[in-house]
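Residue-level structural notes
In case you want the letters, here they are:
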Amino acid sequence: MTNALHILAQQNTVQQQGGSLGVSIEIVGATLLACALLTATVLLLSRYKRRRDEMMVREWLARQRMQELCPDGWAARIMLYGDGAPLPDDAPTVGERNVCVEWTEYEHDAAGHTGVAVARRMWSRTITGALRGMLADRELDAELERIEKKVIQDTSEGGETGPPATGPHGTRGN
């Protein structure tokens, strides 16, 4: 026990006069640097987690929206191409669009069989961009389908889809 006390007595630094703590500036500097690095690490990790969470939410919303737009089912495959990898023939040559999304919409026929209604391939620079492009493409298709149904409904009822080109009741407008 006396040996341990003797060692501790030799390790203790002599207190400085004038009210200082007796801790060297190197220890204080190292402690401050460690605190700063720890704070920076925590902030960066929380920012990364937040961004990752946002990407997962965007993916979940894209899946949900595609399910609404394709009630009979859909499938998508995202492929990433690295530098020097052989690309399909329809790959764009301009820019760095190395993300490909192939998506398929399915539909049921009167007999209940499932078949492919639409199959498309799109290119983008990012996975998020590919998902946005897939959604925009399907939303455009849905809007065109609504317009087509409206035109068919209007013409089947004997009406016209819009005003005649020559103006009301065949008279030319000025």
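Scroll up to find the structure.
Being a predicted model, the structure only gives us computed values, none of them experimental. (Residues numbered from 1 in each chain as written. Predicted model: local features only at pLDDT ≥ 70, side-chain atom pairs only at ≥ 80, totals over all residues. Heavy atoms only, no water.)

Regarding the overall build of the protein chain
Across its full length, the protein chain holds three helices and three strands. Traced from its N-terminal end to its C-terminal end, the protein chain shows the element sequence α-α-β-β-β-α. Buried residues in the protein chain amount to 17% of all 174 residues. Long-range pairs, those at least 24 residues apart, make up 51% of the contacts in the protein chain between residues at least 6 apart in sequence. (Helix = DSSP H or I, 4+ residues; strand = E, 2+ residues; numbered from the N terminus. Buried < 20%, exposed > 50% of the residue type's maximum accessible area, 1.4 Å probe, protein only. Contact = heavy atoms within 4.5 Å.)

Points about the side chain of S124
The topology assignment puts S124 in strand β3 (residues 114–124). On the basis of relative accessible area, S124 is assigned to the buried category, the value being 11%. Within the structure, S124 has its side chain in polar contact with the backbone nitrogen of A130 (distance 3.3 Å). Leave out the neighbours within four places in its chain, and S124 touches E96, R97, N98, V99, G129 and A130. (Polar contact = N/O pair within 3.5 Å; in protein donor to acceptor, adjacent residues only side chain to side chain.)

Here's the deal with the layout of surface pockets
Taken as a whole, the largest pocket holds about 370 Å³ of empty space. Taken together, 16 residues form the lining of the largest pocket, with E59, A62, I78, I127 and L131 sitting closest to its centre. Elements with a contribution of two residues or more to the lining of the largest pocket: α2 (25–69), β1 (74–80) and α3 (127–156). Among the residues forming the lining of the largest pocket, the class breakdown is 10 nonpolar, one polar and five charged. (1 Å grid on protein atoms, 1.4 Å probe; cavity = no way out; pocket = protein on both sides within 12 Å on 5 of 7 lines; lining within 4 Å. Points joined across faces, edges and corners; volume = space filled by probe spheres on them. Nonpolar A, V, L, I, M, F, W, Y, C, P; charged D, E, K, R; others polar.)

Some remarks on the sheet that holds β1
Spatial ordering of the open sheet is given by β1-β2-β3, a layout of three strands whose pairing is antiparallel. The open sheet has two edge strands with one neighbour each: β1 and β3. The sheet shows a mean angle of 15° between the axes of neighbouring strands, taken without regard to direction. (Pairing = 2+ DSSP bridges. Axes fitted to C-alpha atoms, helices over the stretch in contact; angles between N-to-C directions.)

Some details on the packing of aromatic side chains
Inspection of every chain in the model, using the stated rule, returns one aromatic pair. Here the aromatic rings of Y81 and W123 are separated by 5.6 Å at their centres, their planes lie at 35°, and the arrangement is tilted. With a gap of 42 residues between them, Y81 in the loop between β1 and β2 (99–108) and W123 in strand β3 connect regions that are remote in the sequence. Note on accessibility: Y81 and W123 belong to one class, buried. (Phe/Tyr/Trp six-rings, centres within 6.5 Å; stacked < 30°, edge-to-face > 60°.)

Observations regarding the environment of V99
Within the secondary structure, V99 sits in strand β2. Each C-alpha atom of the pair V99 and G129 lies 8.8 Å from the other, and the pair is 30 residues apart in sequence. Here V99 is in contact with I78, M79, L80, M122, W123, S124, R125, T126, I127 and A130, once residues within four sequence places are set aside.

Examining the nonpolar core
Of all hydrophobic cores here, the largest spans 13 residues; its most connected members are M66, L69, W103, M134 and L135. Residue assignment for this core shows that the elements contributing at least two residues are α2, β2 and α3. Take this core: its biggest share by element is five residues, from α3. Ignoring anything within four residues of it in the chain, the contact list for L69 reads E105, L135, R138, E139 and A142. (Core = buried A, V, L, I, M, F, W, Y, C linked by side-chain atoms within 4.5 Å.)

Considerations on the pattern of salt bridges
Counted by the stated rule, this structure contains 12 salt bridges. R77 is the partner of E102 in a salt bridge, and the nearest nitrogen-oxygen pair spans 2.5 Å. Of the two residues, E102 sits in strand β2 while R77 sits in strand β1, which places them 25 residues apart along the sequence. Given the relative accessible area of 15%, E102 is considered buried. Note that E102 and R121 form a salt bridge whose closest N and O atoms lie 3.0 Å from each other. Linking E102 in strand β2 with R121 in strand β3, this pair joins segments that are 19 residues apart in sequence. On the basis of relative accessibility, which here comes to 35%, the residue R121 falls in the partly exposed class. The network of salt bridges with common partners includes R77, D90, E102 and R121. (Salt bridge = Lys/Arg side-chain N within 4 Å of Asp/Glu carboxyl O.)

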